[in-house]
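Structure at a glance
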Amino acid sequence: MEMSKSVEEYFEKNPKWQKELERLRSILLQTEFIETLKWGIPTYTINKKNVVGLAAFKNYVGLWFFNGSFLKDDYQKLMNAQEGKTKGMRQWRFNSLEEIDERLILEYSYEAIQNQKDGKEIKVERNKPLVIPVELERVLSKNKELKLLFEGFTKSKQREFAEHIASAKREATKMSRLEKIIPMILSGVGLNDKYRNC
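In short, a report on the structure. Since the structure is predicted, the reported quantities are computational estimates derived from the model, not experimental observations.

Scoring rules and cut-offs
- Residues numbered from 1 in each chain as written.
- Predicted model: local features only at pLDDT ≥ 70, side-chain atom pairs only at ≥ 80, totals over all residues.
- Heavy atoms only, no water.
- Helix = DSSP H or I, 4+ residues; strand = E, 2+ residues; numbered from the N terminus.
- Contact = heavy atoms within 4.5 Å.
- Areas by Shrake-Rupley, 256 points an atom, 1.4 Å probe, with all protein chains shown as cover.
- Lys, Arg positive; Asp, Glu negative; His and termini not counted.
- Charge placed at Lys NZ, Arg CZ, Asp CG, Glu CD.

Let us now look at the overall build of the protein chain. The helix and strand inventory of the protein chain stands at seven helices and five strands. When the elements of the protein chain are put in sequence order from the N terminus, they spell out α-α-β-β-β-β-β-α-α-α-α-α. The principal-axis extents of the C-alpha atoms in the protein chain amount to approximately 60 × 35 × 30 Å. Residue pairs in contact within the protein chain that sit at least 24 positions apart in sequence constitute 58% of those at least 6 positions apart. Of the roughly 12,000 Å² of accessible surface on the protein chain, a fraction of 51% belongs to carbon and sulfur atoms. Separation of charge centres in the protein chain, based on 36 positive and 29 negative side chains, amounts to 6 Å.

Encoded structure:
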């Protein structure tokens with residue numbers, strides 16, 4: 001799907017959840033958040049730092065607190081959508097307009113704003129060691145051109161490819177991911193390039 005150029009366009013592309021999106025937006029805009037678009041999704045910032053994201057999915061609408069692990073979560077509303085992958089981000093899901101509680105959302109939002117102002121944020125681990133999974137190593141050792149092109153990527157892009165394969169639980173998934181990334185490597189395209197510079 002093509003990235004939205006405005007918050008309104010994003011809402012129009014999600015007609016099933018448009019009322020819920022508009023309601024959540026109206027609540028977030030009662031705060032000092034600055035509304036912007038990141039990765040084509042409505043994002044709310046403080047001092048140019050991402051604090052909350054707003055997105056629609058097939059079965060729910062969600063708020064993402066980028067450093068949500070610092071929130072008290074007294075009402076048990078937050079979840080880690082990708083256990084083991086995301087350290088700080090926490091998600092709050094809504095299945096209907098009736099589930100949207102303005103008072104609670106404002107309470108969580110004000111706490112998130114204060115946490116950001118206080119500098120509470122998960123630091124991205126830099127210079128993690130590059131561990132190439134066996135499946136990728138096997139392919140690289142058989143194809144010199146592929147190996148040279150792979151080595152031409154930055155360490156972070158090499159790591160993205162490696163982790164994409166290693167994170168698959170089933171062998172079949174690892175192999176299908178490997179088949180997907182080989183043409184990308186040969187074309188000089190990083191795994192997450194389409195999300196960069198947004």
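Before going further, it helps to spend a moment on unusual backbone geometry. Phi is positive for D73, which is not a glycine, with a value near 55 degrees. With respect to the element layout, D73 can be found in the loop between β4 (61–65) and β5 (90–94). The phi dihedral of Q76 falls on the positive side, at around 55 degrees, and the residue is not glycine. Along the chain, Q76 turns up in the loop between β4 and β5.

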